[in-house]
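Inside the fold
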Amino acid sequence: GHLAYTQGVWVGVTVASISLETTGAAYTKALDRLWGTLIAAAYSLFVDKVFHVNAIAKLLALTLITFISILVSNPNRPYASRYAATSVGSILYGSFDNKMLVDDYVPTRIMLIFVGVTIFLFVEVIIFPRSSRTIVQAQTVQLFEDLEQFFYQSSKSCSAITSVSGKDEEINDNFVDPLWMLRHGHKEVVVTSSLKDSVSAVKKTFALAKVEMRPGTLEPSLGMNVSLDDVGYDRLLSESENMIVQIDLLVVTLQSLRGYYCQISKEHPVRDLQWPSLVSASLLRIAQQLSEISDEFRLVFPHGLFRPGASNITSIIGAVSLFRRFAQVRLSILADVEDRHASYLDLDDIALSGEGARHTPGFRLTLALAVSAMLGVAQGLQNCGRHLERIVESSFPLEEVKCNENYGHTTAIQFGGSGDSNDS
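Quick notes on the rules
Residues numbered from 1 in each chain as written. Predicted model: local features only at pLDDT ≥ 70, side-chain atom pairs only at ≥ 80, totals over all residues. Heavy atoms only, no water. Axes fitted to C-alpha atoms, helices over the stretch in contact; angles between N-to-C directions. Helix = DSSP H or I, 4+ residues; strand = E, 2+ residues; numbered from the N terminus. Parallel < 35°, antiparallel > 145°, perpendicular 65-115°, else oblique. Left-handed = near helix turned anticlockwise from the far one by under 90°. Contact = heavy atoms within 4.5 Å. Nonpolar A, V, L, I, M, F, W, Y, C, P; charged D, E, K, R; others polar. Phe/Tyr/Trp six-rings, centres within 6.5 Å; stacked < 30°, edge-to-face > 60°. Buried < 20%, exposed > 50% of the residue type's maximum accessible area, 1.4 Å probe, protein only. Lys NZ or Arg CZ within 6 Å of the ring centre and 35° of its normal. pLDDT = per-residue confidence, 0-100. Patch = residues over 30% accessible without salt bridge, like charges linked within 9 Å, V, L, I, M, F, W, Y side chains within 5 Å. Areas by Shrake-Rupley, 256 points an atom, 1.4 Å probe, with all protein chains shown as cover. Salt bridge = Lys/Arg side-chain N within 4 Å of Asp/Glu carboxyl O. Lys, Arg positive; Asp, Glu negative; His and termini not counted. Core = buried A, V, L, I, M, F, W, Y, C linked by side-chain atoms within 4.5 Å.

The next thing to look at is the packing of helix α2 (residues 23-51) against helix α3 (residues 55-71). One way to put it is that α2 packs onto α3 with a least axis distance of 10 Å and a crossing angle of 150 degrees. Taken together, the axes of α2 and α3 are roughly antiparallel relative to one another. Considering the relative orientation of α2 and α3, their crossing is right-handed. Taken together, the residues of α3 that come into contact with α2 (itself represented by Tyr43, Val47, Asp48 and Phe51) are Ala57, Lys58, Ala61, Leu64 and Ile65. For the contact of α2 with α3, a count of residues per class yields seven nonpolar, no polar and two charged.

See the structure below:
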């Protein structure tokens, strides 16, 4: 009652104004509101002491603080300066409306803003705890599990293409454009619901991490969590976005490949090369490597959060270093494709008139794009490993460890530093 008398509305206004969708952004706005209030309070006391009852001078002073707040405003965090400018007016003229001296009104205003921020933090941290940083850390681990499921499902879908013939599905057969299947025909090929769901899961996980990333970097740790490494996570999200583009391309090529096999007869010589089986095996190889990484992540991050605490740094860097094996995965895929392509070129009748000539350009391009997409994702996963190593190095607790022993040499890595040794 007495605490909120006449000006108690500012407590509710503060809680309402700083309650945002993401926790990190809400914390930042709460801090900016406090800073803005303190600056406005100091400036209002100065103006009141100097000009006292001179209304014109007070208006000019209000104009001046508004100009200064616009001039020095931080584009990334403009709320503090804007709120400071508006608070000067509400303090100078609000005290008059409430029949209070500015000297009495200022501490009351600061107290009420502080009470509002405290109430918000109590609800946000204790009653309904939610952390943007924690969400980003959780989605970092979840993303690779979702990718694992996608590659398992895509491998399964691809392996079923070999048995498909023109009699199994109704695909438009009246096209003369050899690239028609890639450009339009693949849209008529329906992918399995499991594959579609796995793609949606990857995109959903990435989208959530991207939304919470910036608020998570602004969120105070309060001594209970490590801060997010801005550069490392930005690069990780950028690499993930590139991989999603490759995943979409891979799905299109799988649809196109299935469409071509629906047009190719069962006696066609290209079927003997078992291209879908090779692509399926390559996809399975990527999925198995992701499965190994996910299993290690579950051991070192049992809570599903990419942060220290549950395991020592040596175990964490050992799990992260598994991403380096995608270099070997890429080489294995290239070797298999090279051998199969040599056999493909030996099929002289594949480019003869009729069906062969019609399908050859688009079929070859489909295979090339499928291989390119797989290699692109494998390269992206290898790069993700480097970005994760940077995150561990820059934001995890300081500890001297030795790694790379599996690569024929031993290198000491100083965790907690700010070096970019893993980003080359």
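In this section: the side chain of Glu212. By the secondary structure assignment, Glu212 is in helix α8 (residues 193-218). Residues contacting Glu212, with those up to four places away along its chain left out, are Thr22, Arg130, Ser132, Ile135 and Val136.

Scanning the entire structure with this criterion turns up 10 aromatic pairs. Centroid distance Tyr79 to Tyr83: 5.7 Å. Interplanar angle 20 degrees. Geometry classified as stacked. Residue Tyr79 and its partner Tyr83 are both found in helix α4 (residues 79-97); the two are separated by four residues, about one turn of the helix. Take Tyr79: its relative accessible area is 22%, and that puts it in the partly exposed class. Measuring from centroid to centroid gives 4.9 Å for Phe301 and Phe306, while their planes differ by 50 degrees, and the two rings are tilted. Take Phe301 and Phe306: they sit in the same class, and that class is buried. Among the aromatic residues, those joined into a cluster by ring pairs are Phe144, Phe297, Phe301, Phe306, Phe323, Phe326 and Phe396. Positioned over the ring face of Tyr79 is Lys29, at 4.7 Å from the centre of the ring.

What follows deals with the confidence of the model for the protein chain. The predicted structure's coordinates, where accompanied by low pLDDT, should not be read in detail. In this model, the protein chain carries an average pLDDT of 80, and 81% of its residues clear a pLDDT of 70 or more. For the protein chain, strand β2 (residues 411-415) is the element with the lowest average pLDDT, namely 42, and helix α10 (residues 275-300) is the one with the highest, namely 94. Counted against residues more than four places away or in other chains, residues 167-175, with its pLDDT under 50, gives 18 contacts.

Together, Ile119, Phe122, Val123, Ile126, Ile127 and Phe128 make up an exposed nonpolar region whose accessible area comes to about 570 Å². When you line up the elements, Ile119 lands in helix α5 (residues 102-127).

Turning next to the side chain of Lys29. Tracing the chain through its elements places Lys29 in helix α2. It is Asp32 that comes nearest to the buried, bridge-free Lys29 among opposite-charge side chains, at 9.0 Å.

Moving on, we get to the nonpolar core. Nonpolar side chains in soluble globular proteins tend to end up buried together. Counting residues in hydrophobic clusters, the biggest one holds 67 residues, and the most contacted among them are Phe144, Phe297 and Phe306. Of all the elements in the fold, those that place two or more residues in this core are α6 (132-159), α8, α9 (230-263), α10, α11 (313-320), α12 (326-345) and α13 (355-395). Of the residues forming this core, the biggest block, 13 residues, is contributed by α13. Setting aside residues up to four positions removed in sequence, Phe297 forms contacts with Val141, Phe144, Pro302, Phe306, Ala319, Val320, Phe323 and Leu388. Ala61, Ile91, Val102 and Val106 belong to the second-largest nonpolar core, a separate cluster that totals 13 residues.

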